[in-house]
Amino acid sequence: MLLRKVLLRGASASRLLISNKSPPASLLPLASGCTRFFSSSSQSEGPNDGFVAGQEGGDEQPPATITVDRSGLYHPPDHSHEPTTESELVKHLKGIIKFRGGPISVAEYMEEVLTNPKFGFYINRDVFGAEGDFITSPEVSQMFGEMIGVWVMCLWEQMGQPKKVNLVELGPGRGTLMADLLRGTAKFKSFTDSMHIHMVECSPVLQKLQHQNLKCEKVGNADENGEKSSVTSITGSPVTWYSSLEQVPSGSPTIILAHEFYDALPIHQFQRSSRGWSEKMVDVGEDSKLRFVLSPQPTPATLYLMKRCKWATEKEVESLKQIEICPKAIDLTHTIAQRISSDGGGALIIDYGLNGVISDSLQAIRKHKFVSILDDPGSADLSAYVDFPSLKHTAEEASGEGEAPFWEGPDELAPVGMGTRYLAMAIVNKKQGAPVPFQ
Ligand code: SAH
């Protein structure tokens, strides 16, 4: 397996806020062939949620007080979004904490808040655009999806123009990227004829919107579940929906796209305390409000923390007071790398992140403003920077070749003044060679 990565020019905010109306300059460096992946200069720029937490456990350790500087952040006026009555999701979260007899991890909180099948942020509504909570590159300009289309076509050519390709998009939002990709490539019949589109989307509302935006029509006979298959009238390609990548049929060459998908995967947060690394958890306080606490004992996610620290230098870890890890991102990348290894093809992952250990990046955005992470959960997006080195190491391990064919490009090609937050990484099957523009 070959891995290729490139750094794209980045916006400094972790989602594109609506005020950021400029077209996605992000793809310009990619088109000009820049091939250097930069590490960030600072670990502390991600907006974080201020909190003060007492250490739990009641042993002889003095209580640790953690304060986080939030002076640079947006301060919501007097918590005007505070619900007057407790939302169903808050009741549900408190129920889990009560039933468990103790706090839940930030990852579990994040997963419930974003994708709880009944109350999750993404589940019941369209959260994108000026009227929604945040905006993404495909929604800013159709050029974004068209450029990704060029990338997919180039990879397909390198793959030897196979007659059948599974084109998978993870977390397609409104379906805009895929619609623009298909419109942009529609004239290349042999390409579009080979494409079988697979949309991995957990939200039924967004699935419907994707169906509309891809101008899908139902065709053929109903299957055993009474479902007819869908075909996009943009190119005539079949389109199918799933809630996870594992459900997408394997056995054909596969191209996987993930734009702003990884940043929605649940992260665990660890805090340096007098006991070493303690996991930050979400609990219910005496005032019956949600609050952060530190776990008094090691948690299962500590295993992933140890793995992550092994991929970093001692100096890098020593400099940090907090570390975020994303086991789901690691597991997903493993699945992607294995599939590409067995079926051929490649993956393009574009997201906000760092080429280094992520310290404290989790943020909540509602109506284009940063808000507190625990404030009215389910009504704001939660996202965290993507830990690209973890994805890189995972894909290398999955390739099973004992070497690390990860290539950063010759130093002299390193672009000057590139953004350090909006990053792209490609994972491709070694047989095909390096994809454009990662050569
Ligand atoms: N790629 C789109 C949307 C990004 S937002 C764009 O760039 O505009 C994240 C998307 O991933 C949403 O469509 C959300 O519903 C979906 N999503 C988040 N977590 C998911 C999960 N665990 N499984 C499947 N889809 C998920």
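Calculation criteria
Position numbers for residues start from 1 in each chain and track the written sequence from start to end. The model is predicted, so local features are restricted to residues of pLDDT at least 70 and side-chain atom pairs to those at 80 or more, both for listing and for counting; the totals for chains, interfaces and linings are taken over all residues. Note that water and hydrogens are dropped before the side-chain values are worked out from all heavy atoms of the structure. UniProt positions are given in the numbering used here, feature names are shortened, and annotations may be inferred rather than shown by experiment. Any residue with a non-hydrogen atom lying within 4 Å of a molecule or strand is treated as near it. Counting of polar contacts relies on pairs of N or O atoms within 3.5 Å, with two restrictions inside protein: one atom must be capable of donating a hydrogen and the other of accepting it, and residues adjacent in sequence are counted only when both atoms are side-chain atoms. Calculation of accessible area relied on Shrake-Rupley with a 1.4 Å probe; when residues are assessed, cover is drawn exclusively from the protein chains displayed. Two kinds of site are reported from a 1 Å grid over the protein atoms alone, namely cavities, where a 1.4 Å probe fits but cannot get out, and pockets, open sets with protein on both sides within 12 Å along at least five of seven lines, and residues are called lining when an atom falls within 4 Å of a point. Grid points define the cavity or pocket, and a molecule sits in it when more than half of its atoms lie within 2 Å of them. For this classification, the nonpolar set comprises Ala, Val, Leu, Ile, Met, Phe, Trp, Tyr, Cys and Pro, the charged set comprises Asp, Glu, Lys and Arg, and every other residue, Gly included, is treated as polar. The criterion is simple. A nonpolar core is a set of buried Ala, Val, Leu, Ile, Met, Phe, Trp, Tyr and Cys residues joined through side-chain atoms within 4.5 Å. Only protein chains enter the calculation, and the probe is 1.4 Å; a residue is then buried if its accessible area is under 20% of its type maximum, exposed if over 50%, and partly exposed in between. Between 30 and 60 degrees the pair is tilted, below 30 it is stacked and above 60 it is edge-to-face, where a pair is any two Phe, Tyr or Trp rings, Trp via its six-membered ring, whose centres lie within 6.5 Å. Either the NZ atom of lysine or the CZ atom of arginine qualifies as a charge over a ring when it sits within 6 Å of the ring centre and within 35 degrees of the ring normal. Only DSSP runs of H or I covering at least 4 residues are called helices, and only runs of E covering at least 2 are called strands; the numbering of each starts at the N terminus. Every angle, taken between N-to-C directions, lies between 0 and 180 degrees, and every axis is a line fitted to C-alpha atoms, over only the stretch in contact when it is a helix. Our angle categories are set so that under 35 degrees counts as roughly parallel, over 145 as roughly antiparallel, 65 to 115 as roughly perpendicular, and the remainder as oblique. For any pair of crossing helices, the crossing counts as left-handed if the nearer helix is rotated counterclockwise from the farther one by less than a right angle, and right-handed if it is rotated clockwise. Pairs of residues are marked as contacts when any of their non-hydrogen atoms sit within 4.5 Å. Grid points are joined across faces, edges and corners, and a volume is the space filled by probe spheres set on the points.

In the annotation of an unreviewed UniProt entry, the protein is listed under the name Protein arginine methyltransferase NDUFAF7 and assigned to Linum tenue. Taken from UniProt, the Catalytic activity (unreviewed entry) comment for the protein reads in full: "L-arginyl-[protein] + 2 S-adenosyl-L-methionine = N(omega),N(omega)'-dimethyl-L-arginyl-[protein] + 2 S-adenosyl-L-homocysteine + 2 H(+)". Quoted straight from UniProt, the Subcellular location (unreviewed entry) entry for the protein says "Mitochondrion".

**Topic: the site of the ligand**
Among the 16 residues in the neighbourhood of the ligand, the closest are listed as Thr 136, Gly 171, Gly 173, Glu 201 and His 259. Here Thr 136 contributes a side-chain N or O atom positioned 2.5 Å from an oxygen atom of the ligand. Between an oxygen atom of the ligand and a side-chain N or O atom of Glu 201, the distance comes to 2.6 Å. When isolated, the ligand has an accessible area of 570 Å², and the protein chains bury 93% of it. When each cavity is represented as a set of grid points, the ligand is found to reside in the largest pocket. Among the residues making up the shell around the ligand, the classes are represented as seven nonpolar, six polar and three charged.

**Looking at the nonpolar core**
Generally speaking, nonpolar side chains in soluble globular proteins are found buried as a group. In terms of nonpolar packing, the biggest core is built from 56 residues, with Tyr 109, Tyr 122, Leu 170, Tyr 262, Ile 336 and Leu 382 touching the most fellow members. Counting 37 residues, the second largest nonpolar core, distinct from the first, contains Leu 181, Leu 214, Ile 255 and Tyr 352.

**A closer look at the packing of aromatic side chains**
Scanning the model with the defined rule gives five aromatic pairs in all. Ring centres of Phe 128 and Phe 134 lie 5.3 Å apart, and the angle between their planes is 80°; on these two criteria the pair is classed as edge-to-face. You'll find Phe 128 and Phe 134 in the same group, each marked buried. Taking 6.4 Å as the distance between ring centres and 90° as the angle between the ring planes, the aromatic pair formed by Phe 261 and Tyr 262 counts as edge-to-face. By relative accessible area, Tyr 262 is classed as buried at 2%. In this structure, Lys 280 is placed above the aromatic ring of Phe 292, and the distance from its NZ or CZ to the ring centre is 4.5 Å.

**Here's the deal with the side chain of Ser 359**
Mapped onto the secondary structure, Ser 359 falls in the loop between β13 (345–354) and β14 (363–366). Taking relative accessible area as the criterion, Ser 359 reaches 9% and is therefore assigned buried. For Ser 359, the side chain forms a polar contact with the main-chain oxygen of Gln 322, separated by 3.0 Å.

**Comments concerning the packing of helix α5 (residues 142–158) against helix α6 (residues 176–185)**
At a closest axis distance of 7 Å, the pairing of α5 and α6 adopts a crossing angle of 60°. The orientation of α5 relative to α6 falls into the category oblique. As for how α5 packs across α6, the hand of that crossing is right-handed. Residues Gln 142, Phe 144, Gly 145, Glu 146, Ile 148, Gly 149, Val 152 and Met 153 of α5 form the contact with α6, whose participating residues are Leu 177, Asp 180, Leu 181, Gly 184 and Thr 185. Residues belonging to the contact of α5 with α6 are distributed by class as follows: six nonpolar, five polar and two charged.

**Considering the layout of surface pockets**
Reported here for the largest pocket is a volume of approximately 750 Å³. Thr 115, Gly 171, Cys 202, Phe 261 and Leu 265 are, among the 38 residues lining the largest pocket, the residues nearest its centre. When contributions to the lining of the largest pocket are tallied by element, the ones reaching two or more residues are α3 (106–115), α4 (137–140), β3 (165–170), α6 and α11 (327–343). Residues that form the lining of the largest pocket fall into these classes: 18 nonpolar, 10 polar and 10 charged.

**As for empty space enclosed by the protein**
This model, assessed by the stated rule, comprises five cavities of 30 Å³ or more. Roughly 120 Å³ of volume is contained in the largest cavity. What lines the largest cavity is a set of 16 residues, and nearest its centre among them are Cys 326, Ala 329, Tyr 385, Val 386 and Asp 387. Tallied by class, the residues present in the lining of the largest cavity amount to 12 nonpolar, one polar and three charged.

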